[in-house]
Amino acid sequence: MRTPLIAGNWKMYKTIGEATALVRDLLAELGPLTDREAIVCPPFTALAAVAPLLVDSPLGLGAQNLYHEAQGAFTGEVSPVMLADVGCRYVIVGHSERRQYFGESDALVNRKLRAALAHGLRPIVCVGESKPQRDAGQAEPIVTAQVRAALVEVPPDRMSDVVIAYEPIWAIGTGDTATPADAQAMHAAIRATLAELYGSEIATAVRIQYGGSVKPDNIDELMAQPDIDGALVGGASLQAASFLRIIQYR
Ligand SMILES: O=C[C@H](O)COP(=O)(O)O
């Protein structure tokens, strides 16, 4: 049985003071989580301030990116060792904004994913098609190819730590969510690809999140789909009330 994962990706928002205030507001309202997991992914600068607030709380901690080396002369980068050290359990890898604005290739995404696993982090690897790709009927082959590329040389026994996030690029920050049926269809295609790569037992156990304009008013219908195992939430994770409602999907 898959435990759904709701993750808040705060992107490049929240100073240390704002981040700690939001975490305090979330924890004030959030009861114990028994059938789901929830995490926040603040910017790097707020991780160390947020981490102690989350100890023994229902919320976990993730980062938004990492570099694939443990240490070295890589000015400006942050390593998986450092993320584990600050208390992260998860790290987002290959978000479409990183692919689009920072030129991250499938090969780099794969290196980052393997580095995360090597240092005890759970990667949330993002895949998704653009609007022109969807309009051309190429969404499924493009997304499943991204999944295959991200998982090169990832052995079966590490797949229980991998989370996949399907985020159609045209749905991110636009208010234009994929319909639950379209999202479900892509999630099923991703799971079929996982079954080809690893067999059905492992494929059935991997969590596949949906991301892209997830809001309080669409989370319930999305989570009702059989292959949607959580959400990667951007804008709606920046306010306590909306993120709490998403975590508390029915
Ligand atoms: O990582 C989160 C996604 O990019 C979705 O962002 P959004 O919820 O603001 O559309």
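Bear in mind the structure is a predicted one, so any value in this text is a computation, not a measurement.

**As for the overall build of the protein**
- Scanning the protein from terminus to terminus reveals 11 helices and 8 strands.
- For 250 residues, the compact-globule estimate of 2.2 N^0.38 gives 18 Å, and the C-alpha radius of gyration of the protein, at 17 Å, lies within 12% of that figure.
- For the protein, the C-alpha atoms occupy an extent of roughly 45 × 45 × 35 Å along the three principal directions.
- Counting over 250 residues, the protein shows a buried share of 42%.

**Concerning helix 5 (residues 106-118)**
- With 13 residues, helix 5 should cover 18 Å at 1.5 Å per step; its first-to-last C-alpha distance of 18 Å lies within 8% of that length.
- Regarding helix 5, the residues found buried are Val 109, Asn 110, Lys 112, Leu 113, Arg 114, Ala 115 and Ala 116.
- Its buried side turned inward, helix 5 meets helix 3 (80-86), strand 4 (90-93), strand 5 (122-127) and helix 7 (139-150).
- The positive-phi residue at the C-terminal boundary of helix 5 is Gly 120, with phi of around 80 degrees.

**What to know about the sheet that holds strand 4**
- Here 8 strands make up a closed barrel; going around it, the order is 1-2-3-4-5-6-7-8 and the pairing parallel. In this sheet, adjacent strand axes meet at a mean angle of 25 degrees when their direction is disregarded.
- Bridging between strand 1 (residues 5-9) and strand 2 (residues 37-41) involves 5 bridges; their strand directions are parallel. Bridging across to strand 2, Asn 9 finds its partner in Cys 41.
- Packing of helix 8 (residues 180-198) onto the sheet brings it into contact with strand 6 (163-166) and strand 7 (207-211), and relative to strand 6 it is tilted by some 145 degrees.

**A short note on the environment of Val 55**
- With respect to the element layout, Val 55 can be found in the loop between helix 2 (44-54) and strand 3 (59-63).
- What makes Val 55 exposed here is the crowd of 8 C-beta atoms within 10 Å.
- Through-space distance from the C-alpha of Val 55 to that of Leu 108 is 32 Å; in sequence the pair is 53 residues apart.

**Describing the site of the ligand**
- For the ligand, the set of nearby residues contains 14 residues, the closest of which are Asn 9, Ile 172, Gly 211, Gly 234 and Gly 235.
- Tallied by class, the residues present in the shell around the ligand amount to 5 nonpolar, 8 polar and 1 charged.

**Some points on the nonpolar core**
- Counting 67 residues, the largest nonpolar core has Val 91, Ile 124, Val 125, Ile 164 and Tyr 166 as the members making the most contacts within it.
- Residue contacts for Val 91: discarding those within four places in its chain leaves Gly 62, Ala 63, Leu 66, Leu 83, Ala 116, Leu 121 and Pro 123.

**Focus on the UniProt feature "binding site: substrate" (unreviewed entry) in the protein**
- The sites that UniProt annotates as "binding site: substrate" (unreviewed entry) are Asn 9, Trp 10, Lys 11, Gly 173, Ser 213, Gly 234 and Gly 235. Across 227 residues, the annotated set stays spatially compact, with a maximum C-alpha separation of 13.9 Å.
- Inspection of the secondary structure puts Gly 234 in the loop between strand 8 (230-233) and helix 11 (240-247).
- Discounting chain neighbours no more than four positions away, the residues touching Gly 234 are Asn 9, Lys 11, Ile 172 and Gly 173.
- Looking at the element boundaries, Gly 235 is found in the loop between strand 8 and helix 11.
- Judged by C-beta crowding, with 20 C-beta atoms within 10 Å, Gly 235 ranks as buried.

**Side note on the pairing of strand 5**
- For strand 5, the buried fraction is high: 6 of the 6 residues fall into the buried class.
- Across the two faces of strand 5 the burial is the same, with Arg 122, Ile 124 and Cys 126 and Pro 123, Val 125 and Val 127 all buried.
- Pairing of strand 4 with strand 5, which is carried by 4 bridges, proceeds in the parallel orientation. Residue pairing in the sheet places Val 93 in a bridge with Val 125 of strand 5.
- In this structure, strand 5 lies alongside strand 6, joined through 4 bridges in parallel fashion.

Conventions we followed
- Residues numbered from 1 in each chain as written.
- Predicted model: local features only at pLDDT ≥ 70, side-chain atom pairs only at ≥ 80, totals over all residues.
- Helix = DSSP H or I, 4+ residues; strand = E, 2+ residues; numbered from the N terminus.
- Rg over C-alpha atoms; globule rule 2.2 N^0.38 Å.
- Buried ≥ 20, exposed ≤ 12 C-beta atoms within 10 Å, placed from the backbone.
- Expected span 1.5 Å × (residues − 1).
- Contact = placed C-beta atoms within 7 Å.
- Pairing = 2+ DSSP bridges.
- Axes fitted to C-alpha atoms, helices over the stretch in contact; angles between N-to-C directions.
- Near = placed C-beta within 6 Å.
- Nonpolar A, V, L, I, M, F, W, Y, C, P; charged D, E, K, R; others polar.
- Core = buried A, V, L, I, M, F, W, Y, C linked by C-beta atoms within 7 Å.
- UniProt positions renumbered as here; feature names shortened; annotations may be inferred.

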